Amino acid sequence: MMTLVGRLLRAPGAVARQCLEGEGQRELVTTSLVAIAFGAGIFGAVVGSFRGDLQVLYASLKLPLALLATLVVCVPGFHVLALALDQPRTLRATISLALAAAGRGALVLLALSPLLWLAIDAGASYHGSVLLASACYGVAGLAALSVLLRGLGTGGRRLMSAAASIVLFLAVSGQTGWILRPYLGRPAQQEIPFLRAREGGFADAVWTSGRSARGDYDEPPAPIESTPPLSGAVDDLNWADRIERDDHLKRMSQRRAQ
Amino acid sequence: MSLVDLLVLYGAMGLACAVAIYRRRGTGGRGAFVAALIAIPLWPVWGPVVLTSPREDLRRRLRGGTRAARRIELALHEALEAARGSQLSALLPAEAVSRIVSAVETSDARRTELDVLLARPGFDLASARERLEELGRGGATPRAMATARLHLTNVTQLHAMRDRDERTLVDLAELVEALRTQLVLARFAGSSVEGVGDIVTDMWARVEGLGEAMDEPFGTPMDELTDEPALSERPSAA
């Protein structure tokens, strides 16, 4: 298994060929599943260490779960996309390729875990930790993509197939990740829930955030005069919520001044 | 259907898949139990890998090649029927059809044989490459490296031969089908046979290509793969 792990990291081209040629696919799939469970699990534990306590356990379970659930939903779609884009291969090959790519990504996440841990331990802020974790995910995604692209062969339709697969993966992983929140957990929270209460979907959140970024809110904010002081005195809000609220109030003041 | 219903259905499918995997592993044991257990949550990705085997790929390839050979044979006979009794029959005589069918059958049989051979573990391309890389990293002797390189070259050439045979058969099938429709059109519309002549020429080139692939010499002499002088060229010990 360690040989295959080394191969996943060092030789993405050889791994992609192995996925397509059929020999040793089962061993590769098993190794990839172990890599996903272990790599994403450790990274999840580090992400959960921002809040500590039970969040470490929850996040270490939820990150691999989110990745595997995404693959379970996406793999049939990947296979149909490959067939539709004139890249015939067996379902076994598609599964092996998707899992090997995800396995490589999870191993890169594992490698980046100490970096995130160090940042959190050094007192990185909530949003800073989120950004750093997202950057780690981005790097892992690129590592996974290198296996996927090599497995899609050559020709003009390779990029189309890759783009379609990425769009599908991002949409499904976004929603899966959204359902399984929270991962970091906020320090001010008294209780640590395994799952946060449902608040719409991932697409709704992206849409709402986009509108909020433009200063467009559904609910009118409370009058500026009646709001409590901007710092220190709002006991029921944690600091991250306070920052969001402060930003919001500043934007509203600017709009009124105009 | 609620999320709970969906999860129950998913779990039921997982259980069915787990039972199938456990029963398929006739000897049972711990390995079968673990494989079945993994299938319950992950059956969409684990089931197809465990319940099918690489032999499926081989069977699929065999079916693909044989299908092309059958397409060629069928289209040739239909083309022959379309040309019979007309001036077009000179373009495609019955003897020529027999010759093409015979060449296609020979090529298809060879491709089938190669497919079966290349499905064996010793002919795996990825393993051969990995072995060469391992030897390179481990500082193996030039002779050992040359042997591994020779093995890789041979396996690569065998795979290339198989792929080329398969491509040629598929290309030929397309051409022969185009020839058939052209002949049918020419017969019923009374059109010119100029286009037919081009296709026939192209088709013969492909058939000749099938023959050339079988006659072509393959293989690299061992001495070309190593920096060491050949045994016959080495200075004898005085």
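Along each chain, numbering runs from 1 in the same order as the chain's sequence is written. Chain A is the first chain written and ligand 1 is the first ligand written, with later ones labelled in order. With the structure being a predicted model, the display of local features is reserved for residues of pLDDT at least 70 and the display and counting of side-chain atom pairs for 80 or more, all residues being used for whole-chain, interface and lining totals.

**So, the overall build of chain A**
Then step 1. Numbering goes from the N terminus for both helices and strands, where a helix is a DSSP run of H or I of at least four residues and a strand is a run of E of at least two. Along the backbone of chain A there are nine helices and zero strands.
Then step 2. The burial tally for chain A puts 36% of its 258 residues in the buried class.
Then step 3. When contacts within chain A are restricted to residue pairs at least 6 apart in sequence, long-range pairs at least 24 apart make up 74% of them. Residues with at least 20 neighbouring C-beta atoms inside 10 Å of their own are called buried, those with 12 or fewer are called exposed, and the rest are partly exposed, where every C-beta is derived from the backbone. Any two residues are considered in contact once their C-beta atoms, placed from the backbone, lie within 7 Å.

**Quick notes on the overall build of chain B**
Then step 1. Across its full length, chain B carries seven helices and zero strands.
Then step 2. Tracing chain B from N to C terminus, the helices and strands come up as α-α-α-α-α-α-α.
Then step 3. Counting contacts in chain B only where the partners sit at least 6 residues apart, residues at least 24 apart contribute 72% of the total.

**Brief notes about the packing of helix 5 (residues 125-137) of chain B against helix 6 (residues 142-189) of chain B**
All names here are of chain B.
Then step 1. Axis definition: a line fitted to C-alpha atoms, over the contacting stretch in the case of helices. Angles run 0 to 180 degrees between N-to-C directions. Contact pair helix 5 / helix 6: the axes reach a minimum separation of 9 Å and the direction vectors enclose 160°. Taken as axis vectors, helix 5 and helix 6 run roughly antiparallel relative to one another. The element helix 5 and its partner helix 6 pack so that their crossing is left-handed. Contact with helix 5, carried on its side by Leu125, Ala128, Arg129, Arg131, Leu132, Leu135 and Gly136, involves Ala144, Met145, Ala148, Arg149, His151, Leu152, Val155, Thr156 and His159 of helix 6 and no other residues of that element.
Then step 2. Taken together, the residues that form the contact of helix 5 with helix 6 break down as nine nonpolar, four polar and three charged. Every angle not falling under 35 degrees, over 145, or within 65 to 115 is termed oblique; those three ranges are roughly parallel, roughly antiparallel and roughly perpendicular. A clockwise turn of the near helix away from the far one marks a right-handed crossing, whereas an anticlockwise turn of less than a right angle marks a left-handed crossing. The classification used treats Ala, Val, Leu, Ile, Met, Phe, Trp, Tyr, Cys and Pro as nonpolar, Asp, Glu, Lys and Arg as charged, and all other residues, Gly among them, as polar.

**A short note on the nonpolar core**
Then step 1. Here a nonpolar core is just a set of buried residues of the types Ala, Val, Leu, Ile, Met, Phe, Trp, Tyr and Cys, joined wherever their C-beta atoms sit within 7 Å. Grouped together as the largest cluster of nonpolar side chains are 69 residues, with contacts concentrated most on Val47, Leu67, Leu99, Ala100 and Ala102 of chain A together with Ala39 of chain B.
Then step 2. Breaking this core down by element, the ones donating at least two residues are helix 1 (2-10), helix 2 (12-21), helix 3 (25-48), helix 4 (54-84), helix 5 (91-121) and helix 6 (126-151) of chain A together with helix 1 (3-24) and helix 2 (29-51) of chain B.
Then step 3. With 16 residues, helix 5 of chain A is the single largest residue contributor to this core.
Then step 4. Ranked by size, the runner-up nonpolar core spans 25 residues in total, among them Ala68, Leu175, Ile199 and Met203 of chain B.

**Quick notes on the interface of chain A and chain B**
Then step 1. Each side of the interface is counted separately: chain A has 19 residues, and chain B has 17 residues.
Then step 2. Mapped onto the side of chain A that touches chain B, the elements with two or more residues apiece are helix 2, helix 3, helix 4 and helix 5 of chain A.
Then step 3. Considering each element in turn, the side of chain A that touches chain B owes the most residues, five residues, to helix 4 of chain A.
Then step 4. Its residues assigned to classes, the side of chain A that touches chain B comprises ten nonpolar, four polar and five charged.

**Focus: the confidence of the model for chain B**
All names here are of chain B.
Then step 1. Note: pLDDT gives the predictor's confidence per residue, expressed from 0 to 100. For chain B, the average pLDDT comes to 76, and 78% of its residues sit at 70 or higher.
Then step 2. By mean pLDDT, helix 7 (residues 194-215) is the weakest element of chain B at 69, and helix 1 is the strongest at 89.
Then step 3. Between residues 228-232, whose pLDDT stays under 50, and residues either more than four places distant or in other chains, the model counts four contacts.
Then step 4. Scored below 50 in pLDDT, residues 234-238 shows one contact in the model against residues more than four places distant or in partner chains.
Then step 5. Overall fold confidence for the complex sits at a pTM of 0.58, while the interface term, ipTM, reaches 0.71.

**Let's talk about helix 1 of chain B**
Then step 1. Helix span, as expected, comes to 1.5 Å for every residue beyond the first. In this model, helix 1 of chain B (22 residues) spans 31 Å end to end at C-alpha, consistent with the 32 Å of a helix rising 1.5 Å per residue.
Then step 2. Along its buried surface, helix 1 of chain B packs onto helix 2 of chain B.

**Let's talk about the environment of Val45 of chain B**
Then step 1. Structurally, Val45 of chain B is set in helix 2.
Then step 2. Not counting residues up to four positions away in its chain, the partners in contact with Val45 of chain B are Leu71, Val72, Val75, Ile95 and Leu99 of chain A.

**Considering the environment of Leu20 of chain A**
Then step 1. Secondary-structure assignment places Leu20 of chain A in helix 2.
Then step 2. Between the C-alpha atoms of Leu20 of chain A and Gly151 of chain A, which are 131 residues apart in sequence, the distance is 7.2 Å.

**Some remarks on the packing of helix 5 of chain A against helix 6 of chain A**
Residue and element names in this part refer to chain A.
Then step 1. Viewed as axis vectors pointing N to C, helix 5 and helix 6 meet at an angle of 155°, and their least axial separation amounts to 8 Å. Relative to helix 6, the element helix 5 is oriented roughly antiparallel. Crossing of helix 5 against helix 6: the hand is right-handed. In this structure, helix 5 uses Leu97, Ala100, Ala101, Ala102, Arg104, Gly105, Val108, Leu109, Leu112, Leu116, Ala119 and Ile120 to contact helix 6, whose residues at the interface are Ser129, Leu132, Ala133, Cys136, Val139, Ala140, Gly141, Ala143, Ala144, Val147, Leu148 and Gly151.

**Observations regarding the confidence of the model for chain A**
Residue and element names in this part refer to chain A.
Then step 1. Put simply, chain A has an average pLDDT of 81, and 80% of its residues get 70 or more.
Then step 2. Looking across chain A, the model is least confident in helix 9 (residues 239-257), with a mean pLDDT of 60, and most confident in helix 5, with 93.
Then step 3. This model gives residues 223-239 a pLDDT under 50, and the stretch forms 15 contacts once residues within four places in sequence are excluded.

**A word on unusual backbone geometry**
All names here are of chain A.
Then step 1. Geometrically, the link from Arg181 to Pro182 is a cis peptide bond, its omega value of -5° lying close to zero.
Then step 2. Looking at where Pro182 falls in the secondary structure, it is placed in the loop between helix 7 (157-179) and helix 8 (202-213).
Then step 3. Unlike most non-glycine residues, Asp53 shows phi in positive territory, near 55°.
Then step 4. Mapped onto the secondary structure, Asp53 falls in the loop between helix 3 and helix 4.

**Overview of the environment of Ala126 of chain B**
Then step 1. Note on placement: Ala126 of chain B falls in helix 5.
Then step 2. Ala126 of chain B sits 29 residues away from Val155 of chain B along the chain, and the two C-alpha atoms are 9.9 Å apart.

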